[in-house]
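# Residue-level structure breakdown
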Amino acid sequence: MKYCGKVVVTLKPGVFDPQGMTIKNALHTLSYQEVEEVETGKYFRIILKAVTKEEAERRVQEMCERLLANPVIERYTFEVEEFR
Amino acid sequence: MRFGVVVFPGSNCDYDCFYALRDVLGQDVVFLWHKNTDLQGCDCIILPGGFSYGDYLRTGAIARFSPIMEAVRDFVLQGGLVLGICNGFQILLESGLLPGALLPNRNGRFICRYVYLRVENANTPFTCLCTPGEILRIPIAHYQGNFFLPQDELGILTERGQVVFRYCGPQGEVSEAYNPNGSVGNVAGIASSDFRVMGMMPHPERACEEILGSVDGRKIFLSIVAWLEEKRYAGCGS
């Protein structure tokens, strides 16, 4: 069975995000004055083989902890669904 | 006494380190390709600056899985000396050999210029020829040099003397005005709890000749030499 894991990695609250800040300023320049906050992050789409959805989730979580996110400064969320 | 400069795909300060050590300081030095696991009897390993693996994912995040890093980890466990410069520092943090992380500079730009550093701990293998509080002039060249560590952990690090260098002014003033990249507590370099591993953002290999504007970088390499020599003599006596 194939599964698709979608992972989003963002900076922890309180960790400075100069890209987000620059993009927010650019949006203000474009007259989107209502913008209060912009947070940047990374998106990963991972297609993997697994016997069950639980196994796929466990593997994706392991990937997040070992490589995709740096726990000192980042946090992650993910979802796994069947891939066809 | 032998230095080893690790070469990752994308390292670009490897030759500068090699040149400074061999041609300027007359040391025995070899290149160590990242796919090898033989450290060739080196007494000190240098992880040089550059853009290992194109800085993909995060700086240093992929390099830490290079085969040679397993050997470097074992070398550290045996008490070997490891110096990470710039991208090398980033690799040491990603490897967990040093605590913390490096974020993009506060101003969002690449910064390449001379800075002043205050020696916070002159009792390490990397600074033993410096005097406490000595001011070194060494250049930085990075986009991600904004050192981050939660405040409580930074307090512990400071207490243990693991903060080795801080960015400062020409008279040694440590203040926000002399913080080039937003690092917590103006931290420019830290050491492991046993002081055998050090990481720093400034490039000592670029400050080893008068013609380049400073020779203060020599002190760091020569400290390593002096420390290793002393250790060797101590070993003979026992």
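Here's a quick rundown of the structure. (Residues numbered from 1 in each chain as written. Chains lettered and ligands numbered in written order. Predicted model: local features only at pLDDT ≥ 70, side-chain atom pairs only at ≥ 80, totals over all residues. Heavy atoms only, no water.)

### Looking at the overall build of chain A
- When its secondary structure is counted, chain A shows 2 helices and 3 strands.
- If you list the helices and strands of chain A from N to C, you get β-α-β-α-β.
- Relative to the 2.2 N^0.38 estimate, which gives 12 Å for 84 residues, the radius of gyration of chain A is 16 Å and therefore markedly larger than a compact globule would have.
- Reported as C-alpha extents along the three principal axes, the dimensions of chain A are approximately 50 × 30 × 15 Å.
- Considering only residue pairs separated by 6 or more positions, chain A has 72% of its internal contacts joining residues 24 or more positions apart.
- Considering chain A, the positive charge centre built from 13 side chains and the negative charge centre built from 14 side chains are found 7 Å apart. (Helix = DSSP H or I, 4+ residues; strand = E, 2+ residues; numbered from the N terminus. Rg over C-alpha atoms; globule rule 2.2 N^0.38 Å. Contact = heavy atoms within 4.5 Å. Lys, Arg positive; Asp, Glu negative; His and termini not counted. Charge placed at Lys NZ, Arg CZ, Asp CG, Glu CD.)

### Some remarks on a nonpolar patch on the surface
- Residues B:Phe51, B:Phe110 and B:Tyr143 make up a contiguous nonpolar surface patch of roughly 280 Å² in combined accessible area.
- Topologically, B:Tyr143 is positioned in the loop between strand 7 (135-142) and strand 8 (146-148). (Patch = residues over 30% accessible without salt bridge, like charges linked within 9 Å, V, L, I, M, F, W, Y side chains within 5 Å. Areas by Shrake-Rupley, 256 points an atom, 1.4 Å probe, with all protein chains shown as cover. Salt bridge = Lys/Arg side-chain N within 4 Å of Asp/Glu carboxyl O.)

### A few points about the pattern of salt bridges
- A complete count under the given rule lists 13 salt bridges over all chains for this structure.
- Ionic contacts of the salt-bridge type, sharing partners, join the residues A:Lys42, A:Glu74, B:Arg58, B:Arg64 and B:Glu94 into one network.

### Observations regarding the interface of chain B and chain A
- Each partner contributes to the interface: chain B provides 17 residues, whereas chain A provides 15 residues.
- Between chain B and chain A, the buried area comes to about 1,200 Å², and carbon and sulfur atoms account for 68% of it.
- The largest contributions to the chain B side of the interface with chain A come from B:Leu57, B:Arg58 and B:Leu103, which together make up 42% of the buried area.
- For the pair chain B and chain A, the interface holds 1 salt bridge.
- Ionic pairing is found between B:Arg58 and A:Glu74, a salt bridge with its closest N-O pair at 3.6 Å.
- Where chain B meets chain A, there are 5 residue pairs in polar contact (both at pLDDT 80 or more).
- Of all the secondary-structure elements, those providing two or more residues to the side of chain B that touches chain A are strand 5 (101-103) and strand 8 of chain B.
- Residue composition of the side of chain B that touches chain A, by class: 9 nonpolar, 4 polar and 4 charged. (Buried area = accessible area lost by both parts, 1.4 Å probe. Polar contact = N/O pair within 3.5 Å; in protein donor to acceptor, adjacent residues only side chain to side chain. Nonpolar A, V, L, I, M, F, W, Y, C, P; charged D, E, K, R; others polar.)

By themselves, these figures tell us nothing about what the structure is for.
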